[in-house]
Structures are given as C-alpha cells and as structure tokens.
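Descriptive analysis of the structure
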Amino acid sequence: MSVYEKISGFADEISQDFDQQLKTVTDLGMKYICIRSAEHKGIADYTPEEVRTVLLPKLRAAGVGVSSLGTAIGKVEVDDEEGFAKQLEQLETLCETARLLDCSFIRMFSFLIPKDADADSYTDVVLDKLRQFIRIAEKHDIVLLHENEKGIYGDIASRCLDLHKAFPQMRGVFDPANYVQCGQDTWSAWEELNPYIDYLHIK
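Residues numbered from 1 in each chain as written. Predicted model: local features only at pLDDT ≥ 70, side-chain atom pairs only at ≥ 80, totals over all residues. Heavy atoms only, no water.

Overview of the nonpolar core
Across soluble globular proteins, nonpolar side chains have a tendency to be buried as a group. Selection rule: We call a set of buried Ala, Val, Leu, Ile, Met, Phe, Trp, Tyr and Cys residues a nonpolar core when their side-chain atoms join them within 4.5 Å. Here the term buried applies to any residue with accessible area under 20% of the maximum for its type, exposed to any over 50%, and partly exposed to those in between, with areas from a 1.4 Å probe on protein chains only. What counts as a helix is a DSSP run of H or I of at least four residues, what counts as a strand is a run of E of at least two, and both are numbered from the N terminus.
Counting 47 residues, the largest nonpolar core has Ile 33, Leu 59, Leu 69, Leu 101, Ile 106, Phe 133 and Leu 144 as the members making the most contacts within it. Top element by residues in this core is helix H4 (residues 123-139). It accounts for seven residues. Within the second largest apolar cluster, ten residues are counted, among which are Cys 160, Tyr 179, Ala 189 and Trp 190.

Some words on the packing of aromatic side chains
The condition that has to hold: Geometry of aromatic contacts follows a simple scheme: Phe, Tyr and Trp rings, the Trp one being its six-membered ring, pair when their centres are within 6.5 Å, and the pair is stacked under 30 degrees between planes, edge-to-face over 60, tilted otherwise. For a Lys NZ or an Arg CZ to count as sitting over a ring, it must be within 6 Å of the ring centre and within 35 degrees of the ring normal.
Taken as a whole and assessed by the stated rule, the structure comprises five aromatic pairs. Centre to centre, the rings of Phe 111 and Phe 133 are 5.6 Å apart; their planes meet at 15°, and the pair counts as stacked. Highlighted residues: Phe 111 in the loop between strand S5 (105-108) and H4 and Phe 133 in helix H4, separated in sequence by 22 residues. Grouped by ring-pair contacts, the aromatic residues Phe 84, Phe 111 and Phe 133 constitute a single cluster. Stacked on the ring of Phe 84, the Lys or Arg Lys 129 has its end atom at 5.0 Å from the ring centre. The ring of Phe 111 carries the charged tip of Lys 129 above its face, separated from the ring centre by 5.8 Å.

Structure below.
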C-alpha cells in the first residue's frame, strides 16, 4: 500500500480522550491516525516508556496504526537558539517514539521568520538547522515531513522546493489551505512540489 492509499487524520480534533479518538476513527473505518496529542498531552511530551505502556496497547487493541507523528519541531523562531537546542533533544525522543509505534514519518516545519523580515536572508541558517534535524532522523531511520505553513521559511512553493532540493531525503506535506493564506496559487505549487510530496492535507 502506498502512502497515497492511507487515509489518516488528526484524531485529537475529535477529543483529547484517547479512547474516544480510537473509537471514532474505527467507527469511521479508518486504520491510521496521525498522533499529535492525547489526554491533553502533546506527543513530544510523552516518554518512550509512556508510549509503550499507555498509547501502544490501546492502538493495538483498536487495530489502528500510526501514519505519522504531528509535532512542532521546527516551529520555533529561527533565531531562538535555546528553543532549537530543546527541539534537538525532543526530536531524539520523538524518533524513539516513532520506532515504538512502527511509524516512519515525523511532521515538522522550517522555522518561524520574524514578521516583515526577508525570509530569503535566513536561507543558510534554516538549511544548517534542518541539516541537524535530518542527521538525527536518519540515525533512527525516520523520514522528516516538511509542512508548508504561513509564517515559516517554507511558506511558499519556491522556498519549499529549495529545501527539498537541498535535502531530497526530507519529504513534503502539501497543505493547500496554508498556501492560500500566503497568496500562493495551489496548483502551481503542486506542479512544482509533486515529486517530493508524501502527504496530502484534505480540509
């Protein structure tokens, strides 16, 4: 089954109760979820042991797999070095969590750019920091999925394309609505980025 044949979703938009999340998605016939949060706790705040003892047994009992981890990795100010250092540690733990959940993908972003700043002036900084994220992911055999979002470096197709060309091992999440917010034509973005996309948002 290809990634394009896996219908998944953010189950925490149903409820913070993990049992309710799983009941609803199984009632809908879904076999996968993207875990972002459960029981009022972000997935990055779960220890691997908590994942093993709390989340994994419930997923197995429900027969639900995990398509990706929805994280805030890369959603930190581009010049926040303390925040970046913390995210490097978080990514190590998230990779362990992904392996426990038999999940190959972690969703992430390409850093918040100061308002009214020229995003292109941060290219070298963004590439250097993404390179550090990718090294961690590759060590754990995890694929990072970059999501386009307003306010980050990779908010428009041309910069997303630059990132994917620099790091072809980093795949893409295509969110049409986020491109609309940036005034980006979604079809032209799709034509540019299609070869790099592994995940499609439907809203």
